[in-house]
Amino acid sequence: MMTDTTPDTALPERLARAITLAGPVPVAQYMATANAHYYATRDPLGATGDFTTAPEISQMFGELLGLWCADLWDRAGRPDIAWVELGPGRGTLAADALRAMAKAGLVPPSISSRPAPRSAPRRPSASPPRPGTTPSTRCRPSFR
């Protein structure tokens, strides 16, 4: 796996070096490296980025997802659960879902694989979290 994280090394040079040293790389490894570089070097979300996702436009999708999770949790007898977020986004969907879950009485521990928070502005929330109702999220960049 290509793990060189030197910021001064351009992606094409890293890929060429990896191929020179180890031979052909699998497509999955190439795509993982390209995606990691893409999300680490820019903020692709929002009006100034490459695309916009539903959670960046409205909190409705995340809140509905959170309420759906809370309903399933309640029907299952309220077992211990955790919210695990795997994605390169800003965490907007998770924040909306966790806020709605908290209003329904579900406050699970949450873990995120997101990289360090970006300075890009988030969509303003229609209903800010109440103190003590939204769990803190632990960031874990790798699950290996």
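Placed above this text is the structure.
In this report, the structure presented in the accompanying data block is examined. (Residues numbered from 1 in each chain as written. Predicted model: local features only at pLDDT ≥ 70, side-chain atom pairs only at ≥ 80, totals over all residues. Heavy atoms only, no water.)

Remarks on the nonpolar core
Most often, soluble globular proteins have nonpolar side chains that are buried together. Among the nonpolar cores identified, the biggest contains eight residues, and these are A70, W73, W83, A94, A97, L98, M101 and L106. With four residues, helix α5 (residues 92-103) is the single largest residue contributor to this core. For W83, the contacting residues outside a window of four places in its chain are L65, C69, A94, A97, L98, M101, P108, P109, S110 and I111. (Core = buried A, V, L, I, M, F, W, Y, C linked by side-chain atoms within 4.5 Å. Buried < 20%, exposed > 50% of the residue type's maximum accessible area, 1.4 Å probe, protein only. Helix = DSSP H or I, 4+ residues; strand = E, 2+ residues; numbered from the N terminus. Contact = heavy atoms within 4.5 Å.)

What to know about the environment of L106
Along the polypeptide, L106 turns up in the loop between α5 and β2 (110-112). The buried category is assigned to L106, whose relative accessible area is 3%. The spatial distance from the C-alpha of L106 to the C-alpha of L67 is 9.3 Å, given a sequence separation of 39 residues. In this view, L106 contacts C69, A70, W73, I81 and M101; residues no more than four positions away in its chain are not counted.

Remarks on the packing of helix α1 (residues 11-22) against helix α2 (residues 27-41)
Between α1 and α2, the shortest axis-to-axis distance is 11 Å and the interhelical angle comes to 155°. In terms of axis orientation, α1 runs roughly antiparallel to α2. Here α1 and α2 pass one another in a crossing that is right-handed. Across the interface between the two elements, L11, R14 and L15 from α1 touch Y30, T33, A34 and H37 from α2. Classifying every residue of the contact of α1 with α2 gives four nonpolar, two polar and one charged. (Axes fitted to C-alpha atoms, helices over the stretch in contact; angles between N-to-C directions. Parallel < 35°, antiparallel > 145°, perpendicular 65-115°, else oblique. Left-handed = near helix turned anticlockwise from the far one by under 90°. Nonpolar A, V, L, I, M, F, W, Y, C, P; charged D, E, K, R; others polar.)

Describing helix α4 (residues 60-75)
In a regular helix each residue adds 1.5 Å, so 16 residues correspond to 22 Å; α4 covers 22 Å between its end C-alpha atoms and thus fits that length. Restricting attention to buried positions, one finds in α4 the residues G62, G66, A70 and W73. Mapping the buried residues of α4 onto a view down its axis gives an arc of 75°, with all of them on the same face. Along α4, exposed side chains directed more than 90 degrees from the buried face belong to M60, L64, W68 and R75. Buried residues in α4 make contact with α5. Trailing α4 by a residue or two, G77 shows a phi angle of about 90°, which is positive. (Expected span 1.5 Å × (residues − 1). Arc of directions from axis to C-beta.)

What is shown is where atoms sit, not what they do.
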